[in-house]
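# Per-entry structural report
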Amino acid sequence: MNRLGQKDHETLIEMALAADDNIAVLTKFKPSRSAGEDSNGPLCETISNTESELRSNSEGLSSTETSLLIPDHQVISKRHQSKDSVFFRDGVRRIDFVLSYLDDPNKEEEKKAERRREFEKNLQKAGLELETEDKKESEDGKTYFVKIHAPWEVLITYAEVLNIKAPIKENDIPPTVENPLDCILEPFRLPEKVMHPEPDYFTAPFSKSRQELYLIDNESTFFSPSRRNRIVYYILTRCPYGTEEGKKKFGIKRLLSNGTYTAAYPLHDCQYWKKSNDPNCDNERYTLYMEWARFLRFYKEQPLDLIRKYYGEKIGIYFAWLGFYTEMLFFAAVVGLICFLYGLFTMDENMSSTEICAPAIGGEIIMCPLCDEKCEYWKLNTTCESSKYSHLFDNVATLFFAIFMGIWVTLFLEFWKRRQARLKYEWDLVDFEEEQQQLQLRPEYEAKCTHKKKNPVTQEMEPYLPLTSQAVRFCISGTTVLFWISLIIASMIAVIVYRLAVYAAFASIMENTQTLQPISGLLTPQLATSVTASCLNFVIIMILNFLYEKIAVWITDMEIPRTHLEYENRLTMKMFLFQFVNYYSSCFYVAFFKGKFVGYPGTYTYMFSRWRNEECDPAGCLIELTTQLTIVMAGKQIWGNIQEAIVPWIWNWWGRRKARCNPENLYSRWEQDHDLQSFGALGLFYEYLEMVIQFGFITLFVASFPLAPLLALMNNILEIRVDSWKLTTQFRRPVAAKAHSIGVWQEILNGMAILSVVTNAFIVAFTSDMIPRLVYYYAYFTNEDSPMSGYINNSLSVFQVSDFLEGKRPENNPENFLTCRYRDYRYPPGHEKKYLHTMQFWHILAAKMAFIIIMEHIVFIVKFFVAWMIPDVPAEVKARIKREKFLTQKILHEYELDKLKQKLCECKTYENMEKEVIATEGKVELSQAM
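Let us look at the structure shown here. Keep in mind the model is a prediction, meaning the values are calculated, not measured.

Turning to the packing of helix H26 (residues 770-780) against helix H28 (residues 839-869), a few remarks are in order. Direction vectors running N to C along H26 and H28 enclose 120 degrees, while the axes themselves pass 10 Å from each other. Relative to H28, H26 is oriented oblique. Taken as a pair, H26 and H28 cross one another with a handedness that is right-handed. Of H28, the residues touching H26 (which contributes Ile771, Pro772, Val775, Tyr776 and Tyr780) are Met839, Gln840, His843, Ile844, Ala847, Lys848 and Phe851.

Shown next, in the form of structure tokens:
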């Protein structure tokens, strides 16, 4: 094991308590150097002791002036140095972060300049090294760039603060047994170097006092760039920059929001379309683009370890989940396609559509008008084509598919837990829960909470938000969310009113316009109304989404969540609740309300006493639910891909032209990244939200559209490549962040999985015609040779035209029809229970309720049994976690024992040394036994 010799110096962080806002911030970081320190110091490994002293004494100089103190023979001439580099001008110190600001003279500029001076001065006190690029050297001649480097002392100090795990020994646990199907899956594999860019190590939380324990071959590469930028960002978010209005101000987020800086970002390691000229560069961005971000690689597995290494665990876990979700969708898509093909092949055998299309049956049945006064009587066979297409989705296979999806969603969630547990082990996230509460404290919480109280555990004073303030903020937040949900419901009612208002117009136009006769069989008034209303509803959904996103962020900020995890969870719940109502309300209306409260001719029910409620097609409402679902789901996916890919591409188009046309020495690496789009703190949140909304479409309403999983599968294959492409080519490199799971989204998915069983049971029972057909088949058939013949006639009740109320009777009745038919189960005219529900209606209702109860219980029993049978953590992973903990603890104990022996040999008698060694060895043996 090749380890560098350890330095004699120590590092010190002095955490000063800010009295005005009661927040602990970094104010000073001083490396104490011994006179005889060698040239391998942390600031610049090639600089002499004299030069190092000059640097430390020049703290008051600007960063540009400081860089001039490097001897001439060690500074690379700018004329010969490529600016497409991730290093300072000395070519040694790596750029870990970049800040940019504009030279824009105005009234605020002097105040901004003062903030920058104070902020950068405090960054230098915290131990960071800065180098400024003058605006004259930028492409636009207006932008300054401040490059930040974290030296070794800073990295090891904050690695300990952030509890970053570092390698102590290469993993010697034998790999799992190879899958016998590996040879079949070989075409889908990526090269081993891409899939596993780093060896597997045993790790332990980093400690400054035990540096020789870790596998430190090279200080400059020991911490990966993603870990380095995470450490620097931690400092940037907590560094003060002055006092304004009697309060201490701090953090890069506030400086970005008030325009002091225009951007803050870590650098990509190279251009995505070609490798870097630097032989020390890993070219990970180029590898990700070539092996992952191109659509032609859609059939290949994802290099999750490389994604995690380059972007951090939080982004890595998202792509792992998205990839696993897409894999599981394959099975649902295959079964859904089989169910659809069953409906397609049995379309001609469907007795209902056959009777509707038959001239002797459907052609002789006169239906009651679709609206009051203006509409005319119409023949049932005009809905022939729509009834045929309805059979594609409303058949026996629908029931099977609804039950299958209830089980599929359980398998998906349970197997994901196992996959997630494996990733937690492989990515050193097993003990991350404890870290989160300590490390994710939001600086905004510390700044805004002026009250303090003693923590009963740590006995230290910490900021808190009084209960009264919390109550007021939650009331305002809750009221705002309820207002916006009410706005969605109001917009949905407006769309329903639109449907009711234009329904009569469509019915009148289609009956009286000769030009529409060729398509009148396919485009019924119900379908025309449904399509236009769905499109209108989709437009309203997108507008409300755009407005609510900003409101949700504002009210979440107002609540002042304590930790980053709390902040994300609260924002997630607000956004999801809104999106749930926004996207699914129209589908719930069509599935469970449309056609259920119509009344009957002569006694129709009206909305607002004006518009007559909609009726379902004689073949059922399921085809309309399918139409609604297809338009909203497909429209959202198409719009989402346009928003995610095309819009950033347009914004970056000119930037890419400059990058390709200008020579490297004129277009720097930090300028190239500056011209890209910012991924933002909520970038990943919107990706999850998009996929979870899609998950709702393919689970909550899948009984009405078996092809929904297939559409989702095709979209997700594209989505993975679009997300990877935009992240690799169109966006600045995000700051690395840790996450051990998909967070609160897991609970949302579980909730939707349970709700989906209920919704699909109700869709099969109340929206489709399956239960009425089964009741007729077993109890009311009239022909034993063909039990389903006569079903259509049985499902339509008779109404006497003379019973129409004045003002409701059709204006025209040229053929003097005496009766008309309508969809219901009521007694005919002349019966003693005229127009009351028949016994068959109550039989069907009882069968529907029994079906719902039986289906729900069967699916829930199977779901919970499957969830109980499948452990969340694989036995092999449990064993590996225990084995790694044991070996890591053993290594640490042996290290402490060796240190103890050395120490005792130097300063203790043999007798005392023997006792302490025996005690330490006993501790090791006890640990091993446990």
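Here the narrative resumes.
This next bit is on the sheet that holds strand E4 (residues 129-133). Ordered in space as E4-E5-E3-E10, the four strands form an open sheet in which the pairing is antiparallel. Strand pairing shows two members of the sheet lacking a second neighbour, E4 and strand E10 (263-265), which therefore form its edges. The sheet shows a mean angle of 20 degrees between the axes of neighbouring strands, direction not considered. The pairing of strand E3 (residues 97-102) with E10 spans three bridges and is classified as antiparallel. Counterpart to Ser100 in the pairing with E10 is Ala263. Contacting E3, E4 and strand E5 (143-149), helix H3 (residues 109-125) crosses the sheet at an angle of about 165 degrees to E3.

Moving on, we get to unusual backbone geometry. One can expect most non-glycine residues to show negative phi and most peptide bonds to be in trans. With a phi angle near 60 degrees, Asn163 is a residue other than glycine that sits in the positive phi range. Of note, Asn163 is situated in the loop between helix H4 (152-161) and strand E6 (165-170). The backbone of Asp428 shows a phi angle near 60 degrees, a positive value even though the residue is not glycine. Checked against the element boundaries, Asp428 lands in the loop between helix H15 (396-426) and helix H16 (432-439).

Overall, the coordinates contain three disulfides when judged by the stated rule. Here Cys371 engages in a disulfide with Cys375; their sulfurs sit 1.7 Å apart. One quick way to see it: the torsion about the S-S bond of Cys371 and Cys375 is about 95 degrees, and its sign makes the bridge right-handed. The exposure class of Cys371 is buried, given its relative accessible area of 8%.

On to the nonpolar core, then. Judged by nonpolar contacts, the single largest core of 135 residues is most densely connected at Trp321, Tyr325, Trp408, Phe412, Tyr584 and Phe697. It is helix H12 (residues 313-345) that provides the largest number of residues to this core, a total of 16 residues. Sequence-distant contacts of Phe697, defined by excluding residues within four places in its chain, comprise Tyr583, Tyr584, Cys587, Leu629, Val632, Met633, Lys636 and Val702. If you look at the next biggest cluster of nonpolar residues, it comprises 48 residues, including Leu155, Ala159, Phe222 and Ile891.

Calculation rules
Residues numbered from 1 in each chain as written. Predicted model: local features only at pLDDT ≥ 70, side-chain atom pairs only at ≥ 80, totals over all residues. Heavy atoms only, no water. Axes fitted to C-alpha atoms, helices over the stretch in contact; angles between N-to-C directions. Helix = DSSP H or I, 4+ residues; strand = E, 2+ residues; numbered from the N terminus. Parallel < 35°, antiparallel > 145°, perpendicular 65-115°, else oblique. Left-handed = near helix turned anticlockwise from the far one by under 90°. Contact = heavy atoms within 4.5 Å. Pairing = 2+ DSSP bridges. Disulfide = S-S within 2.5 Å. Buried < 20%, exposed > 50% of the residue type's maximum accessible area, 1.4 Å probe, protein only. Core = buried A, V, L, I, M, F, W, Y, C linked by side-chain atoms within 4.5 Å.

Any functional reading would require information beyond the geometric quantities listed.
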